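Okay, here's what each chain looks like letter by letter:
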Amino acid sequence: MKKSFLSQRKDDHLDIVLAPDPAQLRQDPGFSAIRFEHCALPELALDEVDLSSSLLGIALRAPLLISSMTGGAERARFINQHLAEAAQALGIAMGVGSQRVSLRTGHDQGLTSELRRLAPDIPLLANLGAAQLSEADGLDLARRAVDSLQADALIIHLNPLQEAVQPEGDRDWRGVLARIAALTGELPVPVIVKEVGAGISPTVARALVEAGVRMIDVAGAGGTSWAAVEARRAQTDADRAVAMAFADWGIPTAQCLLAVRRALPNVPLIASGGIRDGIDAAKAIRLGADLVGQAAGVLMAATQSSDAVVEYFDIVLRQLRIACFCTGSRNLLELRRARLLGNQLDLP
């Protein structure tokens, strides 16, 4: 079956993320500036550390989210199955990649109720781009995205920079906030909003919450740069030059997370964008995250098997548990109060 243009674009994205040029695709998310004060007398057993958390009232064994990622029509089917099986085994949450292709074409990418069968007990999050809400059937598309997965919530992703540097991108973002507000009033499940790697400012986060959004994923700069990805896809030197100028654009994740948490102290937050290991996850939780998301880091494992994904996250969880142990934190609540070296909460 011939690929649609949208499917081919997703396949291109997957190829580039799986074989990145580190100098072009990533920047510093800001976690290297944060150091915990080491506790040489933790007065607890490592096995006592409780990493349990929750999302939307659903219990999790750890505060981790398999963040939304993309893929081509065929490969993504197996990637999504592996991720769902692993998330169920680990007791962590899973967000799927954009469902636009699966809803607009005959390529479902494995984004069907089969994922719910594979992962019946975890929070499963549907996903649609904000630009699609402005289409004539945008609200219906959002309902279909949720229904097709039997999802617990819908992620609306914001990617204006990526759309702006794509020759075929959606450039008219007028009225998107109003459409999000309309969606939160009609959809029977909560709406979560995330960026795709440039960060959400406190001003935008506050507007989203006032529009009825229940949770924010700050998705700051420091993970995959989608401007750099689009530069790699560019067909002309001019398009490549425009995109690459924005390769390091955005609010670093640590700075973004801290600012949004201070502005919205009671709103649930997800931190994603350059979370490289369990120590970064611990730092994100200390800065105010309720949940920590990873996508590109686990993508290679997801192309292999569900066991490979479980092995990948087992390492992250061991690192997170030891970070709690070495700060004297019995649980995530205590980790949020863990001492830092010096005054590191006034990030530049």
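If you're wondering where the values come from, they're calculated on a predicted model, not measured in any experiment.

S.K.: Quick question: what am I supposed to make of the pairing of strand β6 (residues 153–158) here?
M.R.: Looking along a regular strand, one sees the side chains alternate between the two faces of the sheet. Burial within β6 is extensive, with 6 of its 6 residues counted as buried. Of the two faces of β6, both are covered, the one formed by A153, I155 and H157 as well as the one formed by L154, I156 and L158. In the sheet, strand β5 (residues 124–129) pairs with β6 via 5 bridges, with the strands oriented parallel. Opposite G129, over in β6, you have H157 as the bridge partner. Traced from β5 through helix α6 (residues 138–149) to β6, the parallel crossover comes out right-handed.

S.K.: What am I meant to see in the pattern of salt bridges here?
M.R.: Side chains that carry opposite charge are capable of pairing whenever their charged atoms lie near each other. For the coordinates displayed, the defined rule picks out 13 salt bridges. Across the salt bridge formed by D170 and R100, the nearest N and O atoms sit 3.7 Å from each other. Highlighted residues: D170 in the loop between α7 (160–165) and α8 (176–186) and R100 in helix α4 (residues 100–104), separated in sequence by 70 residues. The exposure class of D170 is partly exposed, given its relative accessible area of 22%. Close ionic contact of E186 with R143 constitutes a salt bridge, the shortest N to O distance being 2.5 Å. Highlighted residues: E186 in helix α8 and R143 in helix α6, separated in sequence by 43 residues. For E186, a relative accessible area of 44% translates into the label partly exposed. Sharing partners across several salt bridges, the network here consists of R104, E135 and D137.

Cut-offs and rules
Residues numbered from 1 in each chain as written. Predicted model: local features only at pLDDT ≥ 70, side-chain atom pairs only at ≥ 80, totals over all residues. Heavy atoms only, no water. Buried < 20%, exposed > 50% of the residue type's maximum accessible area, 1.4 Å probe, protein only. Helix = DSSP H or I, 4+ residues; strand = E, 2+ residues; numbered from the N terminus. Pairing = 2+ DSSP bridges. Right-handed = clockwise from strand over helix to strand, strands pointing away. Salt bridge = Lys/Arg side-chain N within 4 Å of Asp/Glu carboxyl O.

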